[in-house]
Amino acid sequence: MLQEHAKIVQFVARAQEVTGRKKMQKMIYIAKKMNFPFAEKYELHMYGPYSEELTLRIEELCEMGFLAEECMDKGSYVQYKYNVTTEGNRFLETAHTPPETLGTCIDLMNGKSSRFLELVSTLLYFDHLEKDEQIAKVHIVKNKLNFSEEEMTAAFDFIEELQNYAIH
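Computed from a predicted model, the values in this text were never measured in an experiment. All residue numbers here refer to positions counted from 1 along the written sequence of the relevant chain. Residues qualify for local features only when their pLDDT is at least 70, as the model is predicted, and side-chain atom pairs are given and counted only at 80 or more; totals for whole chains, interfaces and linings, by contrast, use all residues. Based on all heavy atoms of the structure, the side-chain values leave hydrogens and waters out of the count.

**Examining the pattern of salt bridges**
Phase 1: Salt bridges are defined as contacts in which a side-chain nitrogen from Lys or Arg sits within 4 Å of a carboxyl oxygen from Asp or Glu. One pass over the full model with this rule turns up 11 salt bridges.
Phase 2: Of the charged contacts, one joins glutamate 118 and lysine 22 as a salt bridge, the two residues approaching to 2.8 Å between their closest N and O atoms. Of this pair, glutamate 118 sits in helix H6 (residues 114-125) while lysine 22 sits in helix H2 (residues 21-33), placing them 96 residues apart in sequence.
Phase 3: A simple rule labels every residue: compare its accessible area, found with a 1.4 Å probe on the protein chains alone, to the largest value its type can have, and call it buried under 20%, exposed over 50%, or partly exposed in between. On the basis of relative accessibility, which here comes to 3%, the residue glutamate 118 falls in the buried class.
Phase 4: Between lysine 33 and aspartate 127 there is a salt bridge, and its shortest N-O distance comes to 3.2 Å. Placement of the pair is lysine 33 in helix H2 and aspartate 127 in the loop between H6 and helix H7 (131-141), with a sequence separation of 94 residues.
Phase 5: For lysine 33, a relative accessible area of 28% puts it in the partly exposed group.
Phase 6: A single network of salt bridges, built from pairs that share partners, joins Glu17, Glu70 and Lys81. Helix and strand definitions follow DSSP, with helices as H or I runs of at least four residues and strands as E runs of at least two, each counted in order from the N terminus.

**Here's the deal with the packing of H2 against helix H5 (residues 100-110)**
Phase 1: Orientation is described by lines fitted to C-alpha atoms, with helices fitted over the stretch in contact, and by angles between N-to-C directions that extend from 0 to 180 degrees. Two numbers describe how H2 lies on H5: the axes approach to 10 Å, and their chain directions differ by 140°. On the basis of their axis angle, the class for H2 and H5 is oblique. Handedness of the crossing formed by H2 with H5: right-handed. Contacts from Lys23, Met27, Ile30 and Ala31 of H2 reach H5 at Leu102, Ile106, Met109 and Asn110.
Phase 2: Throughout, the ten residues Ala, Val, Leu, Ile, Met, Phe, Trp, Tyr, Cys and Pro are labelled nonpolar, Asp, Glu, Lys and Arg are labelled charged, and all others, Gly among them, are labelled polar. Of the residues belonging to the contact of H2 with H5, the class tally is six nonpolar, one polar and one charged. Orientation categories follow fixed angle ranges, with anything under 35 degrees roughly parallel, anything over 145 roughly antiparallel, 65 to 115 roughly perpendicular, and all other angles oblique. Crossings are classed by handedness, with left-handed meaning an anticlockwise turn of the near helix from the far one by less than a right angle and right-handed meaning a clockwise turn. Contacts between residues were defined by any pair of non-hydrogen atoms, one from each residue, lying within 4.5 Å.

**With respect to the packing of aromatic side chains**
Phase 1: Pairing of aromatic side chains here covers Phe, Tyr and the six-membered ring of Trp, requires ring centres within 6.5 Å, and sorts the geometry by plane angle: under 30 degrees stacked, over 60 edge-to-face, intermediate tilted. Scanning the entire structure with this criterion turns up six aromatic pairs.
Phase 2: With centroids separated by 4.3 Å and ring planes inclined at 5°, the aromatic side chains of phenylalanine 66 and phenylalanine 91 adopt a geometry described as stacked. Here phenylalanine 66, found in the loop between helix H3 (52-63) and strand S4 (67-73), pairs with phenylalanine 91, found in helix H4 (residues 86-92); they are 25 residues apart in sequence, far enough to count as distant. In terms of burial, phenylalanine 66 and phenylalanine 91 fall into one category: buried.
Phase 3: When the centroid spacing of 5.5 Å and the interplanar angle of 70° are considered together, the rings of phenylalanine 116 and phenylalanine 158 count as edge-to-face.

**Re unusual backbone geometry**
Phase 1: Although it is not a glycine, glutamine 16 sits at a positive phi angle of roughly 75°.
Phase 2: For glutamine 16, the position within the fold is in the loop between helix H1 (3-15) and strand S1 (18-19).
Phase 3: By relative accessible area, glutamine 16 is classed as exposed at 66%.
Phase 4: Non-glycine residue asparagine 146 carries a positive phi angle of around 45°.
Phase 5: Secondary-structure assignment places asparagine 146 in the loop between H7 and helix H8 (149-163).

The analysis is restricted to geometry; functional conclusions fall outside its scope.
Encoded structure:
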């Protein structure tokens, strides 16, 4: 039953820390789109793909003491940082080992901004469409972010790079 919880703890442990709730949502979604076995269901939301299940799972993991959530006041907003606790590391001793390539994907994603991951995850949300249709959809649902042509190209290049580590 806690296997899905363990996957999230493993993810954060591999990342060493994840800064931002939005970033966590996007990273897990992108990993899921790379065929890593995450069970959370996503729907399109204000900041791109969002999973209520993931939000609840993270809250539970914090309540169980497996993840530490640090709240940082940034003036106009609050940012959250997640780390695995000592209890969380003990919990992981009982979990299945994740695919090795997941670590590479996590490292690549964790080095990117939330804005960029929002673009990547939204493009992946529309990956059933042709490339030009994906871009058009992003410009409609994310029109306030004014993604440039360079950002779109970088996002598609990043998706292609991640696909080298995806589970096939």
